[in-house]
Every structure is written in C-alpha cells, then in structure tokens.
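Here are the chains, one letter per residue:
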Amino acid sequence: RALMDQASQIRNMSVIAHVDHGKSTLTDSLVAAAGIISMASAGDQRLTDTRADEAERGITIKSTGISLYNEVSKEEIVDEKMPKDSKGREFLINLIDSPGHVDFSAEVTAALRITDGALVVVDCIDGVSVQTETVLRQALGERIKPVLTINKLDRGFLELQLDWESFYTGFVKHVENVNVIISTYRDDAMGDLQVFPEQGTVSFSAGLHGWAFTLPQFAKMYAKKFGVSEDKMCERLWGENYFNPAEKKWTKTGDTAHRAFNMFVLDPIGKIVQATMNDQADKLQKMLTALNITMKKEDLELKGKPLLKRTMQSWLPAHKALLEMMIIHLPSPFIAQRYRAELLYTGPKDDVPFNAIKACDPNGPLMLYVSKMVPGADKGRFIAFGRVFAGTVAAGNKIRIMGPNYIPGKKEDLYVKSIQRVVIFMGRRQDPVESVPCGNTCGMVGIDQFIVKTGTLSTHDEAYPLKDMKFSVSPVVRCAVEPKNPQDLPKLVEGLKRLAKSDPMVVISIEESGEHIVAGAGELHMEICLKDLQEDFMNGAPLKISDPVVSYRETVEGETQEECMSKSPNKHNRLYFKCGPLGEDLTNVIDNGDITPRDDVKTRGRRLADDYGWDVDVARKIWGFGPDVTGPNLIVDATKAVQYLSEIKDSVVGGFNWVTKEAVLCEENMRGICFSVLDVTLHTDAIHRGGGQIIPTARRVMYACEMLSQPRLMEPMFLVEIQCPEAAMGGIYSTLNRRRGHVFEENQRPGTPLYNVKAYLPVSESFGFDSDLRAQTGGQAFPQCVFDHWQLMQSDPLEPGKFRDELIAGIRKRKGLAPEIPPLDRYKDKL
C-alpha cells in the first residue's frame, strides 16, 4: 500500500497478442515471482482466466487485472541501468491480461486505456498475424509504449527441432515485422518506439516451461570471460557478428555456425535441452555446476519435460527477464501521463484537472476513468474497474459521475454520489483498501447503477470528462431474444441491462415489434454473451433465441435527377430537397472520427472544399450528422436567402435523424448519403410551421429523394485470415466460393509449410463458416474473422426479382412491416 503513493515506482501494463500465443501462460510466471502461486504450477494454472468457460475452452474472454509487488536485487539490475526517476528498488506492477480473440478486441481497448505500457507476445513459429497488428495499432493510438517478447521457444527446440540459424532468421523476421507496424502507426509526440534485442526491449521466452531471457542477461554472463563491457557484449550477441573459436577473434563475416547469437545463446540452451530429454544425467550435472546452479535432489530425479522445466526455471527464470524489461523500458505513470494527458482530456489544455493529470498529482482534484464493469461476488452487482489519473479516490467521498453523453454545463448523464468502498484486483479475488492515489488501477463498489459501461469520475466541478474509447470492430451480428415463459419477461429486461454493463461492446435495442435485439461483434462473441445472459443474469430461465441476423446499411448511387417536393399536412409549407452520395473516402473519414460535428466550421469547410471538391459556401453550412449525431450522413443547407429558415432548422434536423436511423427500403441505418435543402416555402404565421408540420414533411421528402437516386443496400464484410497447409488450399477456395467470398491475397510463411490466405466474406454467409471449413479441410485450416468494411450490393432493390422479393421482403417481414416497398407517390407530392 505504501508503494502506491510513489508514482515513479509503479508500472501499469497490459499483455496483448494474437489468440493462443501464450499471454495468460506468460503472466503466470510473473504472478509466481510475486509469490502468489507456486513455481511448479506456473504455466499450467493460468490464474488470470477467472471464469469456468475460460478454463474449459482454454481462451481468455474477459480481461482481468492483478497487482504484483516486486523487489529487484542489485545483481539483476545495476544502478546505472535503473530508470532516472525511481527512488528505491521496490516496484508495484499492475498487470492486465487481455484476450487475444478477435471478437473480444473491445476488452483489449478497455485494458489499453488504463495502462501505459504493453507487452506484445509473438509466437516464434506463427509470427506476426493480423490480430497482433490490430492490437498494436490500438496501443500506439493510445500512446502506449510497447516491448516485445517472442514466446513458445520450447516448441522450436522440442517439436520442430530447428537448427540455430533458422531460429535466428525467424527471430530477425518477427522483430522486423513488429517494427514495421510500430513505425507505420507511430505518434510523433512519442519519438521512436521500435524494439531491438540488443537494447533489451525484446525478450525470448517459453511461457509453458517458465523460462525467458534477454540479451543483456547473457551479456552479463559472458562479459567477464571476454573482458569487455556489458553493452559492447550485448551488441555483439545480435546481428552480423561472428566469433572464431580457433583464433579467438571477432569478425563481421563467417559461417553461420559461428554467429555469436547461435554460439553463445542458443547453443547452451540446446545442450541442456538435449541432455535432459535424452536422460544424460551426468552430462547435465556438469553443465549445472559450470553455470553454478544448485538444484534439489528430488528435482534431479524427474525425467523428460518436467526436468527440463525445473532446470530452465532455475537457470533463466521468466520473471527476471520480463521484470527487467518492464522496469527499465516501460514508463511510470509519472512520465507517461505527461504525453498522454492531451489525448485523454477533452477540456481546455490549461485548466486545473488537465494540469493535475499531466503532473500526476495525488493532491489535485480526482480524475478517474472507468473502463469496464466487472461482475461482483453478489449476483447482479458490478464493480467499476478503472484507473486514477489524478487525485486520490477514497470511500465515502461525494463524486461527480459523468457518463459518455455528458456535455459540460448541462445536467444530463451526470450524477453526484458517494463510493461505498474501494478494492484492488488480485486475479480471482478483490482486497479492500482505504484509498488509492493516482497512477493506480482500482475497483469501486456502489456506483454500478449510475455507469452503463464507461465514465469519468471527478471531484472538480468544472472538470471535462475524459475521452471515450474508440473500438476497432463494430457490432454487426444480431439475435432476437425472448423468454419461453411470458412471466420471465421482467427478468429478461433486467438481465439485458446487466449484460450491457458487463461487456463494453454489446449493443442492446428494442425493436418496434417488441423484440429485444442483442448485437455483438461475431459468432463467438454472441455465443458467450447469450450464455452469460442465460446462466448468470437470468438465473437459468429458459430463452428462445432466434437465428443470428445481419444488419445492413442503405445508401444511394447517383444524384437525384429532379428536386423532390413535399407539402406539410396543413398544405401551407413546402420543402424542396435533393440528395447524393458522399463518396467512399469521406464516409470512412467521418466513420473514423476525423471529421466530427464538433470541429471548427471554417477549418472543416476548408478541408471539405480542398480534399473532396465541395462548394465552400455549402461546406460551411452543415446542419447535422446522423444517425446518433456522429454518423456518416450529412444534411447541408444549400438555400439562398430564405425567410424563417433558422426557425425550422431543429425540426428538419430532427426529421433527418429519424430518417437516417430508419431508411425507406427496409428501415436500416443509412450510410454515406448527403441531403441538401434547396428551397423552402413557409407560412408566415409561426403557429402553422411548428415541429408537427415540419418533421413528417422533412421525413417524407428525404424518403422520396432516396428512392429517386438509385438506392442500394450495403452489407457488412468480414476480413477472414486463414492459416493452412498447402494440401488444404482447395477446400478453402471451394468453401469461400460457395459463400460468395473472394481471396485477395495468399502468401507462404518463410520457413514453414503453412500458407496465409486473406479473403473477404459477407457476414450474412459467415454463420457456420468455421465448422464448414474444418469439415472441408479435415480440420487443418484455422479461420479468424474481423469486421472490415461495408460492401455495396449491386442488384437494384426497386426492380422485381429474387433480391427484392426474398432478401428485402424478408427483412421487412421480420421487422413487422408490409413486405412491399412503399410506392414513390406516398412521399413525393405534385405541385
């Protein structure tokens, strides 16, 4: 607890990687070092997989936090190497283990927001994959400093029995790949973040057997022998450096057997591996004395892999290498908040809360970001899990809780409440504490009913909230849920509320037909959510779950030929509109949040005029974005000198928001449409042009515009990444062709017989794709699906044919509408 007050002694880090590259296993050896679990069980226990279904599937689903205390001895890190700002040798490490599966990347985003450093894990055989790139990109976007570990070396020694040179070339390739990603997405404020083995920012590990090393560690062992400094030795152990044992000389060229890394690093490990696996006990004994390692009697009597595990654990324990990397190379909150403050804080850059965050000041006003809600011990209660950026959080203080929709100066989404108690997370259990100062992560009990998923807590009255998180995937798979017994309905509503709290990604909505819709990121994500809903939040009440449904988007292809006119119900007002497509580039820019309604009008207008060829006058008169105030559709004012226009602006924007949420073809959201107001004729009397007259008219005229400008549907596409041997390629192609997918890239992994295939696959075709593919390829291909983009569907929905009569009629029927698309004259009036 005392350490929490010294911000310079804290390291907040998350472990990120591709699915099954060994994150949880690696965290175990760190936990073991802090004395929470025994050394022997490290690697098999996976302490951070807290739920039953996680243990059984062998994947992490929810990210879990754990706080470790560690003291570093003089031998491990010499005084010169210690970070500049540290006072003493005791460190507190707040570690978050995050899931690797694509469907749960929202959990990763939540973990990254509240940490300052990331340990990137890469499998030494599989290498850098799509998901590694996605999470690294998220991390760099949050200004988080990465260090790399290349994991699963035991596979290379035991299963594949690679020679040393192919080990080395593999390592070089992985490090280069990671550095390419880092330099592509880097932020200039951070400087150069690339990782290099000779600087100690890359470690090599085998999580299952609990051992790891960095090059500086080996350099220490050899520096005395060669009589050179450690740093010099370190540089020699990597790259094109060869040692000729006959002449005892270092050269820049030579044969691969004499490469320094192969001779001095891989060779000793390889010898130990051979001696233990072939039961040469006397040979092993010699080596152990040479390395001055003492082992217990009973440990030496083990055979095979357990013996290897004990030997390597005592010679190169994993936690030493990883801790050394974290402590020397990852920033403390004190340093990290200096450059992260401007990204996190939405308010002005000179007020009190901003400076408190920047200085990481425990006596300043409290600023705390809640990144997720964790289900507590009692049924249905949640603990808010977050990080204190400034000030100190203590039980019983009155606190302002600002939700994601809070606008400073207004009252909505704002609560003033007190916290019942503060806890810190220790994997499976929580320990209560009195207060937690800035720079730490903690949990709070008793505010769960005021926060939906994320929020900002502060004690300062004028504080602005911290920035909301941006997720890299969007929920496209939806299921309708209803209880089997009607009397369970209140239970279901309660359960859905809790589900929405417990997962940062799920979206829950109620259709007009009264169905409850749950939307998630992919099949696996949906399966886990629905299982949670049924077992944890509903106490096992039976549910009826519909087949998964996909949401579409509606867009237009061309401009409207003639202007559309609609009259208001009392025939006194007329609106003239046109619409056209925004263009793919602009739509994506708005989607990524680069152009927002909050931008300065003039700079935004300038940018639209320069980059997208808009008219400057029109570009400055954007009335609104929709749906939900930030969506990728615009309404602009293209009128010239019209009376009373400003009075109906709110009503027209209201109608526009309604239209973009439920468009004309099948009430799906719109995407990439720009409506322009051309002319309005209004009644002079204010009472005859109220919202009740204008909103329905605006809606009808926009529907007419959409129907006249070649409307189209867009369907969501998954990017599928498949790893498979060459023999299985045929099966992949046939499966994808049956499901309207197309392959756009395939490349062979150097040094392995595996191929990497990338393809696009429509989400609507992806249900059961995994099992189908495995059946076709005899279980050799592993698919990974991520939502990638919206794809235009070419068929015209207004012409009779299979597309209109099956797909669109099906969607309309499901939503309880008439199966035919309404005729145009329902919306467009004649003069």
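1. As for the overall build of the protein chain
Moving on, step 1. When helices and strands are counted, the protein chain shows 25 helices and 35 strands.
Moving on, step 2. Here the protein chain holds 831 residues, and the buried ones make up 56% of them.
Moving on, step 3. Long-range pairs, those at least 24 residues apart, make up 72% of the contacts in the protein chain between residues at least 6 apart in sequence.
Moving on, step 4. Put simply, the protein chain shows about 35000 Å² of open surface, and 50% of that area lies on carbon and sulfur atoms.

2. Concerning the side chain of Asp116
Moving on, step 1. Considering the arrangement of structural elements, one finds Asp116 in the loop between α3 (105-113) and β4 (117-123).
Moving on, step 2. Reaching out from Asp116, the side chain makes a polar contact with the side chain of Arg387 at a distance of 2.9 Å.
Moving on, step 3. Residues within four places of Asp116 in sequence aside, it is in contact with Asn12, Ile144, Lys145, Pro331, Ser332, Pro333, Ala336, Arg340 and Arg387.

3. Here we look at the packing of helix α7 (residues 215-226) against helix α13 (residues 318-329)
Moving on, step 1. Viewed as axis vectors pointing N to C, α7 and α13 meet at an angle of 110°, and their least axial separation amounts to 10 Å. Accordingly, the angle class assigned to the pair α7 and α13 is roughly perpendicular. Here α7 contributes Pro216, Gln217 and Lys220 to the contact with α13, which in turn contributes Lys320, Ala321 and Glu324.
Moving on, step 2. Among the residues making up the contact of α7 with α13, the classes are represented as two nonpolar, one polar and three charged.

4. Looking at the pattern of salt bridges
Moving on, step 1. Tallied over the full model, the rule gives 13 salt bridges.
Moving on, step 2. Of the charged contacts in the structure, one is a salt bridge between Asp610 and Arg606, with a shortest N-O distance of 3.5 Å. In this pair, Asp610 and Arg606 both sit in helix α19 (residues 601-612), four residues apart, roughly one turn of the helix.
Moving on, step 3. For Arg606, a relative accessible area of 42% puts it in the partly exposed group.
Moving on, step 4. Note that Asp829 is salt-bridged to Arg700, the shortest N-O span being 2.8 Å. Placement of Asp829 in the segment after α25 (802-814) and of Arg700 in helix α22 (residues 691-708) is noted, with a sequence separation of 129 residues between them.
Moving on, step 5. Arg700 sits in the partly exposed class, given a relative accessible area of 22%.
Moving on, step 6. If you follow the salt bridges from partner to partner, you end up with Glu557, Arg712 and Asp796 in one network.

5. Quick word on the sheet that holds strand β31 (residues 673-681)
Moving on, step 1. The five strands are arranged β26-β27-β31-β29-β28 in an open sheet whose pairing can be described as mixed. Looking at which strands have only one partner, the edges of the open sheet turn out to be β26 (564-567) and β28 (622-626). Across the sheet, the mean angle from the axis of one strand to that of its neighbour is 25°, orientation sign disregarded.
Moving on, step 2. Pairing geometry for β26 and strand β27 (residues 574-581), over four bridges, is antiparallel. Among the inter-strand pairings, Ser566 is bridged to a residue of β27, identified as Leu575.

6. Focus on α25
Moving on, step 1. Between its terminal C-alpha atoms α25 stretches 17 Å, which fits the 18 Å expected from 13 residues at 1.5 Å a residue.
Moving on, step 2. A maximum bend of about 25° is found in α25 at Ile808.
Moving on, step 3. Of all the positions in α25, only Phe803, Ile808, Ala809, Ile811 and Arg812 are classed as buried.
Moving on, step 4. Of the surrounding elements, those touching the buried residues of α25 are β32 (711-725).
Moving on, step 5. Note on α25: the residue one or two positions beyond its end, Gly816, has a positive phi of about 75°.

7. Some details on the environment of Phe167
Moving on, step 1. Assignment of secondary structure puts Phe167 in helix α6 (residues 164-184).
Moving on, step 2. Looking at Phe167, the relative accessible area reads 2%, which means it is buried.
Moving on, step 3. Separated by 99 residues in the primary sequence, Phe167 and Leu266 have C-alpha atoms spaced 8.6 Å apart.
Moving on, step 4. Ignoring sequence-local partners within four residues, the contact set of Phe167 consists of Leu153, Gly156, Phe157, Leu162 and Leu266.

8. Side note on unusual backbone geometry
Moving on, step 1. Not every positive phi belongs to a glycine, and Gln710 is a case in point at roughly 45°.
Moving on, step 2. In this structure Gln710 comes out as partly exposed when scored by relative accessible area, which is 41%.
Moving on, step 3. One non-glycine residue with positive phi stands out, namely Arg740, at about 60°.
Moving on, step 4. By the element assignment, Arg740 lies in the loop between α23 (729-738) and β33 (742-748).

9. A few points about the packing of helix α14 (residues 333-344) against helix α15 (residues 352-359)
Moving on, step 1. Between α14 and α15, whose axes approach to 6 Å, the crossing angle comes to 145°. Along the contact surface, α14 presents Phe334, Gln337, Arg338, Ala341 and Glu342, while α15 presents Phe354, Ile357, Lys358 and Ala359.
Moving on, step 2. Here the contact of α14 with α15 is built from residues that sort into five nonpolar, one polar and three charged.

10. Section: the nonpolar core
Generally speaking, nonpolar side chains in soluble globular proteins are found buried as a group.
Moving on, step 1. Judged by nonpolar contacts, the single largest core of 60 residues is most densely connected at Phe204 and Ile269.
Moving on, step 2. Among the elements that line this core, the one with the most residues is helix α9 (residues 260-277), at ten residues.
Moving on, step 3. Setting aside residues no more than four positions away along its own chain, Phe204 makes contact with Thr149, Ile150, Leu153, Phe171, Pro197, Ala212, Phe213, Leu215, Trp238 and Phe261.
Moving on, step 4. Counting residues in each nonpolar core, the second largest holds 59 residues, with Leu457, Val518, Leu543 and Cys724 among its members.

11. Section: the packing of aromatic side chains
Moving on, step 1. Counted by the stated rule, this structure contains five aromatic pairs.
Moving on, step 2. Here the aromatic rings of Tyr703 and Tyr827 are separated by 5.1 Å at their centres, their planes lie at 70°, and the arrangement is edge-to-face. Residue Tyr703 is located in helix α22, and its partner Tyr827 is located in the segment after α25; the two are separated by 124 residues in the primary sequence. Just as Tyr703 is buried, Tyr827 falls in that class too.
Moving on, step 3. Measuring from centroid to centroid gives 4.5 Å for Phe744 and Tyr760, while their planes differ by 20°, and the two rings are stacked. Of this pair, Phe744 sits in strand β33 while Tyr760 sits in strand β34 (residues 754-762), and the two are 16 residues apart along the sequence.
Moving on, step 4. Connected via pairs of aromatic rings, a cluster forms that spans Phe171, Phe204 and Phe213.
Moving on, step 5. Here Arg689 stacks its cationic end above the ring of Tyr644, 3.9 Å away from the centre of that ring.
Moving on, step 6. Over the face of the ring belonging to Trp658 we find Arg699, whose NZ or CZ atom lies 4.2 Å from the ring centre.

What counts, and at which threshold
Residues numbered from 1 in each chain as written. Predicted model: local features only at pLDDT ≥ 70, side-chain atom pairs only at ≥ 80, totals over all residues. Heavy atoms only, no water. Helix = DSSP H or I, 4+ residues; strand = E, 2+ residues; numbered from the N terminus. Buried < 20%, exposed > 50% of the residue type's maximum accessible area, 1.4 Å probe, protein only. Contact = heavy atoms within 4.5 Å. Areas by Shrake-Rupley, 256 points an atom, 1.4 Å probe, with all protein chains shown as cover. Polar contact = N/O pair within 3.5 Å; in protein donor to acceptor, adjacent residues only side chain to side chain. Axes fitted to C-alpha atoms, helices over the stretch in contact; angles between N-to-C directions. Parallel < 35°, antiparallel > 145°, perpendicular 65-115°, else oblique. Nonpolar A, V, L, I, M, F, W, Y, C, P; charged D, E, K, R; others polar. Salt bridge = Lys/Arg side-chain N within 4 Å of Asp/Glu carboxyl O. Pairing = 2+ DSSP bridges. Expected span 1.5 Å × (residues − 1). Bend = angle between axes of the 7 residues up to and from the residue. Core = buried A, V, L, I, M, F, W, Y, C linked by side-chain atoms within 4.5 Å. Phe/Tyr/Trp six-rings, centres within 6.5 Å; stacked < 30°, edge-to-face > 60°. Lys NZ or Arg CZ within 6 Å of the ring centre and 35° of its normal.

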